[in-house]
Amino acid sequence: GTKKELQGVFSVKEYLEQRSCRVSVFHIIAAAQKAFEGHVPAAALVDWNMPDGAGDELCGWARERWPDLPIILLTVRNSTQEVVAGFRNGADDYVTKPFELDVLYSRIQALLRRSLPKNPAILSASEYELLRILMEHKGKTVARSWLLEQIWDQKGSYVNDNTLTVTMKRLREKLFCPACLKTIRSLGY
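Residues numbered from 1 in each chain as written. Predicted model: local features only at pLDDT ≥ 70, side-chain atom pairs only at ≥ 80, totals over all residues. Heavy atoms only, no water.

### Points about the pattern of salt bridges
Link 1 in the chain: Under the criterion given, the structure shown has eleven salt bridges.
Link 2 in the chain: Residue glutamate 17 is joined to lysine 13 by a salt bridge in which the shortest nitrogen-to-oxygen separation is 2.5 Å. Of this pair, glutamate 17 and lysine 13 both sit in helix α1 (residues 3–18), separated by four residues, roughly a single helical turn.
Link 3 in the chain: A salt bridge links lysine 97 to aspartate 47; the shortest N-O distance between them is 2.4 Å. Of the two residues, lysine 97 sits in the loop between β5 (93–96) and α5 (101–115) while aspartate 47 sits in strand β1 (residues 44–47), which places them 50 residues apart along the sequence.
Link 4 in the chain: Residue classification places lysine 97 among the partly exposed positions, given a relative accessible area of 28%.
Link 5 in the chain: We classify aspartate 47 as buried; its relative accessible area is 18%. (Salt bridge = Lys/Arg side-chain N within 4 Å of Asp/Glu carboxyl O. Helix = DSSP H or I, 4+ residues; strand = E, 2+ residues; numbered from the N terminus. Buried < 20%, exposed > 50% of the residue type's maximum accessible area, 1.4 Å probe, protein only.)

Listed below in structure tokens is the structure:
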């Protein structure tokens, strides 16, 4: 984008980070899609004008995969046809530029409130134990074999490696896929 557009992106990022939001910026749809495959965000702000396509295409792609993901489409376009196209392709809200940062933040908060499950998920015993161990070893890689031993083997429940994978998947879903729970390929978490 232009220098002014890039400054706008980074002022939004800075503003949200000051409010304890973790923000990632992707300048092309392909990069956003790749990032989403690795970690689904709590919410997505999608600009209509992307160098490799229209933002509503990214909305549609994300909506097919994650039906509950809160998505706000940002654009200078405000024709009825384009607003309708944005909603039709999966946007939950539509914000026209220029906008006030406080208003954008309030809209994000409102969408996040509505996206919370009505009955908060309660962790199973194994999910709780996995979370407890990972928190005790924060910032360190914990081996899969050691986790299997600590959570199941010591209690006489010998399970296969896939049990840990499924438990981690469920834990991530219940915690809304936090970025801090990372898979270290061939090692652990």
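### Here's the deal with the sheet that holds β5
Link 1 in the chain: If you walk across this open sheet you meet the three strands as β1-β4-β5, and the pairing is parallel. At either end of the open sheet lies a strand with only one pairing partner, and these are β1 and β5. Strand-to-strand twist in this sheet, taken as the mean axis angle between neighbours without regard to direction, amounts to 25°.
Link 2 in the chain: Sheet topology places strand β4 (residues 71–75) next to β5; four bridges connect them, and they run parallel. Of the residues in β5, the one forming a bridge with leucine 73 is tyrosine 94. (Pairing = 2+ DSSP bridges. Axes fitted to C-alpha atoms, helices over the stretch in contact; angles between N-to-C directions.)

### Points about the confidence of the model for the protein chain
Link 1 in the chain: The predicted model of the protein chain has a mean per-residue pLDDT of 85, with 92% of residues at 70 or higher.
Link 2 in the chain: Counting contacts from residues 1–7, a segment whose pLDDT is below 50, to residues more than four positions away or on other chains yields two contacts. (pLDDT = per-residue confidence, 0-100. Contact = heavy atoms within 4.5 Å.)

### A closer look at the packing of aromatic side chains
Link 1 in the chain: For the coordinates displayed, the defined rule picks out five aromatic pairs.
Link 2 in the chain: For the ring pair phenylalanine 36 and tryptophan 66, a centre distance of 5.9 Å and an interplane angle of 65° mean the geometry is edge-to-face. Here the residue phenylalanine 36 occupies a position in helix α2 (residues 29–38), and tryptophan 66 occupies one in the loop between α3 (55–65) and β4, the gap between them amounting to 30 residues. Per residue, the accessibility class of phenylalanine 36 equals that of tryptophan 66, and both read buried.
Link 3 in the chain: Measuring from ring centre to ring centre gives 6.2 Å for phenylalanine 87 and tyrosine 94, while their planes differ by 40°; the resulting arrangement is tilted.
Link 4 in the chain: For tyrosine 94, a relative accessible area of 9% translates into the label buried.
Link 5 in the chain: An aromatic cluster is built from Phe36, Trp61 and Trp66, whose rings are joined through pairwise contacts.
Link 6 in the chain: The ring of tyrosine 15 carries the charged tip of arginine 19 above its face, separated from the ring centre by 3.6 Å. (Phe/Tyr/Trp six-rings, centres within 6.5 Å; stacked < 30°, edge-to-face > 60°. Lys NZ or Arg CZ within 6 Å of the ring centre and 35° of its normal.)

### Remarks on the packing of helix α6 (residues 125–136) against helix α7 (residues 144–151)
Link 1 in the chain: One way to put it is that α6 packs onto α7 with a least axis distance of 10 Å and a crossing angle of 125°. Comparing the axis directions of α6 and α7 gives the class oblique. For α6 against α7, the interelement crossing comes out right-handed. Of α7, the residues touching α6 (which contributes Ser126, Glu129, Leu130 and Ile133) are Trp146, Leu147, Gln150 and Ile151.
Link 2 in the chain: Across the contact of α6 with α7, the residue classes break down as five nonpolar, two polar and one charged. (Parallel < 35°, antiparallel > 145°, perpendicular 65-115°, else oblique. Left-handed = near helix turned anticlockwise from the far one by under 90°. Nonpolar A, V, L, I, M, F, W, Y, C, P; charged D, E, K, R; others polar.)

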